[in-house]
Amino acid sequence: MTDTSIADPSNDMEPFNLQFPFTRTLGNTLSTFFSAVAQGQLIGVKVGGRVIAPPLEYDPETGADAGSEWVKVGPRGTVSAWTYVPEPTHLHPVQGPFAFAFVTLDGADTPMIHVVEAPEDQLRSGLRVEARFKEGDEVNGRIDDFVFVPATDPSPSEGAGEPYQAPAEPEIQTMDAYCDLTYVDNAAPVTRVWTQALLEGKLVGRTCPQCGRTFVGAVSLCCVDAIELDESTQSEMPQTGVVTNFTVITPVPYPGQKETEPFVRCSVMLDGTDAVLGQQTIVGIPASEVRVGMHVALEWEPEGQRDVSEIGNGGHGSTGGAVVGWKPTGEPDEPAENYVDRMM
Amino acid sequence: MPRTENDIAIVSYAQSPLLRRSENTETEMMLSTVQGAIKAAGLGKGDIGFTVSGSCDYLSGRGFSFVANVDAYGAYPPINESHVEMDGSFAMYEAFVRLLQGDIDTAVAAGVGKTSNSDPATLYTIEMDPYYLTPLGADVASLSALQYRALLDSGKVTERDVAEVVARNRRAAKDNLNAQVSGDFDVDELLAAPYVRNPLRRHDLPPVTDGCAAVVLARGQKAYELCERPVWITGIDHRIEPHLPTMRQDLTSSVSTRLAAEGAGVASGPVEVAEIHAPFSFQELIVREALGLGDDTEINPSGGALAANPVMVTGLLRVIEAAKQIAENGRSRTLAHTTSGPCLQQNLVCILEGDQ
Ligand SMILES: [Zn+2]
């Protein structure tokens, strides 16, 4: 087995945890199902002559509305295929070894994919299992409110196949969903060059040999000409410039937001170049006094206190925690015709 | 058959190195690969009528990475561009359909995946049914293992048949300079390996790969202007089955592949080589049967997805490998198959032909 050249793991960045909680509305079919689950009752829907469980809003054979002819299914069922998860991840609903299986509930004509808690050597096609429901305040009205375990009594479930009378207004109308994924990106070569320069108190840019445009930040290509810009195109950039664009942001609270008062983000065109740094901070004056054309100079964090850990790939001109911000110099404003095309 | 202005061919292709972990970003991989394919056709970025890519932000974990990737096209002056959150082969299908409109005669399609940033054991839970499967942490290996179990229980194949698929792909990959996993493996030793998801063993799973690939398509006479031996796409079809694996008619015989094969006209001539996109080893046997291929068809001389699996690219690589057989290896009729979604949910089949 040959793994070809692997990127140096020392260039891996800090793990990044992507989370976003959101609430899904369920609609009638799923509301009815999950409300029944919360009561410890499994149901299916009868459509096209068969019982689909868990119920779907449509008949997968025809695409037709599956209607609302609810049928009681389970709580016992039969395994038709299985696999074993010896080491669960944090996303699995049980934290010891378990099986995923196709379970066809008594009274249903289609299997469902669900968790079976049983030793691996007990698993086989034909195994009789029964649903074990959560109780009390553990009940959410979700698909993980129950797991299957080997049935103590393999006989057919009582009441399976009988009609289920749904409440007019099902109790469970929404479902809290949650995304929780961890990523480890690695710093691209150009990102490492950019952050190293920041640590040394320098700004660097790369100039396209074809169009002459200069790109400041972790940029390794000319997005106009679609050519690579390697280190031979790189030079040190001035640390003074002109504000060519700005916005005042009034913060609303969200996870990760550190600002509490209105703040400015602006574009700065570096003196003597056509290079623009975006998303920059202005310091030393109130947000209401920031204007385009204003001359500014870069103020660095003291050496040794520059933090570049939050600068990722493609952050372009991101200066992270290496700088305090841009301070007005007090020089007369630059005439608009000198920066009119350099807003971003 | 003489070619018409409605016939569309692959005229060039390019791919990045396929690595366990690239130090480059998706955009950087795209730049050298997409521009490399355009240059190989003797064209410049301004000569392309339509540009389309396939990628997924969730792989690299970078929001709007598919927008950042537009930087690799040099999209100024503005270009005609599209994106699918699917494999690059489905992007190629969109480019094919776009060319059929007849107002442009070139297009580029690409796929890119920086998959090493994420963990396949958790990532693909979010592509599953959000009500019935994602809350269970239903991962793609577990669902594939259920499909494999159903296949074994059907009596159609044995674990030994599947281990032979692995050994054959890895052996073939020895001749593929881009293969990440290759070599000679003993079937009995493979069968002695422990299960990671019974009945799946580690070698039944694809490797984690970063990479990019691109093809340039041209219509009618333009194809002859751009290359010596155009690889004509003489049939292409894409079919999809229900999202929930338990709602499929039969998990052990891919109905969508069979219908796509019929639509693409697979049976109307001999198939010399078939490149099958089977991320999990046993799926090759299901697809092969559904395609209706005989024993005289060579399967996966590249080593397939088991040799390298840059997600969002692996299918387009199958197209490129099948095209290479015609452009560089003297074959005249080959097949590329690509898949998407859990347990072979979606399948695309295309037939490639060279001029006699
Ligand atoms: Zn340029």
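All residue numbers refer to position in the chain's written sequence, counted from 1. Written order determines the labels here, with chains lettered from A and ligands numbered from 1. Where totals are concerned, whole chains, interfaces and linings use all residues; where local detail is concerned, this predicted model gives features only for residues with pLDDT of at least 70, and gives and counts side-chain atom pairs only at 80 or more. No hydrogens and no water enter the side-chain calculation; it runs on all heavy atoms of the structure.

**Observations regarding the nonpolar core**
Definition in use: Remark: nonpolar core denotes a set of buried residues (Ala, Val, Leu, Ile, Met, Phe, Trp, Tyr, Cys) joined through side-chain atoms within 4.5 Å. Any residue under 20% of the maximum accessible area for its type is buried, any over 50% is exposed, and the rest in between are partly exposed; the area is computed with a 1.4 Å probe on protein chains only. Strands here are runs of E lasting at least two residues and helices are runs of H or I lasting at least four, both read from the DSSP assignment and numbered beginning at the N terminus. By the convention used here, residues are in contact when the closest approach between their heavy atoms is within 4.5 Å.
In this structure, A:Phe34, A:Phe100, A:Val103, A:Val116, A:Phe148, B:Tyr132 and B:Leu335 are the most contacted members of the largest nonpolar core, which totals 102 residues. Counting residues per element, this core draws most heavily on helix H6 (residues 140–153) of chain B, which supplies 8 residues. Filtering out sequence-adjacent residues up to four positions away, A:Phe34 remains in contact with A:Leu26, A:Gly141, A:Arg142, A:Ile143, A:Ile172, B:Tyr131 and B:Tyr132. With 36 residues, the next largest nonpolar core counts B:Ile8, B:Ala91, B:Ala109 and B:Val319 among its residues.

**Examining the interface of chain A and chain B**
Applied cut-off: Buried surface area refers to the total accessible area, computed with a probe of radius 1.4 Å, that the two partners give up upon joining, counted for both partners together. Salt bridges are defined as contacts in which a side-chain nitrogen from Lys or Arg sits within 4 Å of a carboxyl oxygen from Asp or Glu. For the purposes of these results, a polar contact is taken to be a pair of N or O atoms within 3.5 Å, where, inside protein, one atom must be able to donate a hydrogen and its partner to accept one; residues adjacent in sequence count only when each atom of the pair is a side-chain atom. Each residue is assigned to one class: nonpolar for Ala, Val, Leu, Ile, Met, Phe, Trp, Tyr, Cys and Pro, charged for Asp, Glu, Lys and Arg, and polar for all the others, Gly among them.
Counting from both sides, the interface comprises 75 residues of chain A and, opposite them, 65 residues of chain B. Surface buried jointly by chain A and chain B totals about 5400 Å² across both partners, of which 62% is contributed by carbon and sulfur atoms. Across the contact surface, chain A and chain B share 2 salt bridges. A salt bridge links A:Asp12 to B:Arg21, with the nearest nitrogen and oxygen atoms 2.9 Å apart. At the boundary of chain A with chain B, the tally comes to 16 residue pairs in polar contact (both at pLDDT 80 or more). Residue composition of the side of chain A that touches chain B, grouped by class: 45 nonpolar, 19 polar and 11 charged.

**Concerning the packing of aromatic side chains**
This is how it is decided: Classification of ring pairs rests on two measures: the distance between centres of Phe, Tyr or Trp rings, Trp counted by its six-membered ring, which must be within 6.5 Å, and the angle between planes, read as stacked under 30 degrees, edge-to-face over 60 and tilted in between. Charge over a ring is defined by NZ of Lys or CZ of Arg lying within 6 Å of the ring centre and within 35 degrees of the ring normal.
Enumeration over the complete set of coordinates arrives at 11 aromatic pairs over all chains. Ring centres 5.8 Å apart and planes at 25° place the aromatic pair A:Phe20 and A:Phe22 in the stacked group. Note on A:Phe22: relative accessible area 33%, which makes it partly exposed. Measuring from ring centre to ring centre gives 5.5 Å for B:Tyr224 and B:Trp232, while their planes differ by 55°; the resulting arrangement is tilted. Residue B:Trp232 is classed as buried on the basis of its relative accessible area, which comes to 1%. In this structure, A:Arg24 packs its charged tip against the face of B:Tyr131, placed 5.6 Å from the ring centre. In this arrangement the basic side chain of B:Arg98 is found over the ring face of B:Phe50, its NZ or CZ atom lying 5.9 Å from the centre.

**Focus on the domain arrangement of chain A**
Interfaces are frequently sized by the accessible area removed from exposure as the parts join. Where we set the bar: Source of the domain bounds: an automatic or database domain assignment.
Taken domain by domain, chain A comprises domain 1 (27–172) and domain 2 (188–338). Domain 1 of chain A and domain 2 of chain A are separated by 55 Å when their C-alpha centres are compared.

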